[in-house]
Amino acid sequence: MQVLQSLISALHMDAPVRAVRQGPFQTAVWTRNCGLATTPHESGSHHDEVPVRDAGTLLEHRAHDLVHMANSTSPYEAAIGMAAINSLLDVEEDLCVELNAADLLVQKGSEKRIALVGHFPFVQRLRRQAKELWVIERQPLEDDLPESEAERFIPEADVVGITGSAFMNHSLDRLLSLCNSQAYVVILGGTTPLSSVLFEHGVDAAAGTTVSNPELVLRQVSEGAVFRQITGVKRLTLMKDGTT
């Protein structure tokens, strides 16, 4: 988990834990700022092993403790950890642009080979623009490829988009290692940290979210909002070269 440890090492963790919310679709943590992450959708029983071991007492923890939950093998704890990381980032918004990840991938991937890890709502739009599009999914839909095909197709791609959820299932390092050195690599989705640390690991752009209205966002998360319903946020893209 090389990328994750680099992110954690760069954080300033002296901040109170104000709120932790894990809704069915989004997870939010409010420390210095409010951070978001996608709540995983894992099948199976929770009778033998609880998803979040310290549920009900997380406000008594330090920010440091929540951040290190990102290393957990429980995807629900890892989501809390990623939201905590995002809550502690000092995002340099003047270095970001309000650019949708779909628009960036269309721009960079027009008439090129694209590998997209994660099935996003804009898949059909991207398929119309790309020379070839390979969608790689843990739970494949329609024309998606299973994750076992990552080793075959990612090295062939000119543009690679990777869901920020790869932080929570701890697959990001492997996925980045598969990318061609000449490929344009984007990490996208609400979990994605807007941190230049990612650029040290072969990433060219990070498309994520900052929260401008924590109280509103916490309420929406608690009430079951999906990502596209969340307001009180800015959807920003941080790019290595500072331009599109």
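Residues numbered from 1 in each chain as written. Predicted model: local features only at pLDDT ≥ 70, side-chain atom pairs only at ≥ 80, totals over all residues. Heavy atoms only, no water.

Enquirer: Describe the overall build of the chain, with residues and values.
Expert: Tallying secondary structure elements over the chain gives eight helices and eleven strands in all. The C-alpha atoms of the chain give 17 Å as radius of gyration, which agrees with the globular expectation for 244 residues (18 Å, within 12%). Dimensions of the chain along its principal axes, counting C-alpha atoms only, are 50 × 45 × 30 Å. Going through the 244 residues of the chain one by one, you find that 53% of them count as buried. For the chain, the proportion of contacts with a sequence separation of at least 24, taken over those separated by at least 6, is 58%. Accessible area for the chain stands at about 11,700 Å²; split by element, carbon and sulfur atoms hold 46% of it. (Helix = DSSP H or I, 4+ residues; strand = E, 2+ residues; numbered from the N terminus. Rg over C-alpha atoms; globule rule 2.2 N^0.38 Å. Buried < 20%, exposed > 50% of the residue type's maximum accessible area, 1.4 Å probe, protein only. Contact = heavy atoms within 4.5 Å. Areas by Shrake-Rupley, 256 points an atom, 1.4 Å probe, with all protein chains shown as cover.)

Enquirer: Help me get a handle on the pattern of salt bridges, residues and values and all.
Expert: Considering all chains together, one arrives at eight salt bridges under this definition. In this structure, R125 and D103 form a salt bridge, with 2.8 Å as the shortest nitrogen-oxygen distance. One end of the pair, R125, is in helix 5 (residues 123-129); the other, D103, is in helix 4 (residues 101-109), with 22 residues separating them in the sequence. Classification of R125 as partly exposed rests on a relative accessible area of 34%. A relative accessible area of 32% means that D103 is categorised as partly exposed. Its salt-bridge partner being E147, residue R138 comes within 3.1 Å of it at the nearest N-O pair. (Salt bridge = Lys/Arg side-chain N within 4 Å of Asp/Glu carboxyl O.)

Enquirer: Quick one: what's the story with the nonpolar core, residue by residue and with numbers?
Expert: Of all hydrophobic cores here, the largest spans 58 residues; its most connected members are I154, I162 and F167. No other element matches helix 3 (residues 75-88), which puts nine residues into this core. With residues near it in sequence (within four places) discarded, I154 still touches A115, V117, I136, V160, L175, L178, C179 and N180. (Core = buried A, V, L, I, M, F, W, Y, C linked by side-chain atoms within 4.5 Å.)

Enquirer: Tell me what's going on with the environment of G56, and back it up with residues and numbers.
Expert: Mapped onto the fold, G56 is located in the loop between strand 3 (34-38) and helix 2 (63-67). The exposure class of G56 is exposed, given its relative accessible area of 80%. For G56 and V20, which are 36 residues apart along the polypeptide, the C-alpha to C-alpha distance reads 9.6 Å.

Enquirer: Account for the side chain of T31, with residues named and values stated.
Expert: Along the polypeptide, T31 turns up in the loop between strand 2 (26-30) and strand 3. By relative accessible area, T31 is classed as buried at 0%. With near-sequence residues (within four places) excluded, T31 lies in contact with A15, P16, V17, R18, A63, S87 and L88.

Enquirer: Summarise unusual backbone geometry; cite the residues concerned and give the values.
Expert: A positive phi is found at E111, a non-glycine position, where the angle reads about 60 degrees. Here E111 lies in the loop between helix 4 and strand 5 (113-117). A positive phi is found at E142, a non-glycine position, where the angle reads about 45 degrees. If you trace the backbone, E142 turns up in the loop between strand 6 (132-137) and strand 7 (145-146). Assessed through its relative accessible area of 69%, E142 is described here as exposed.

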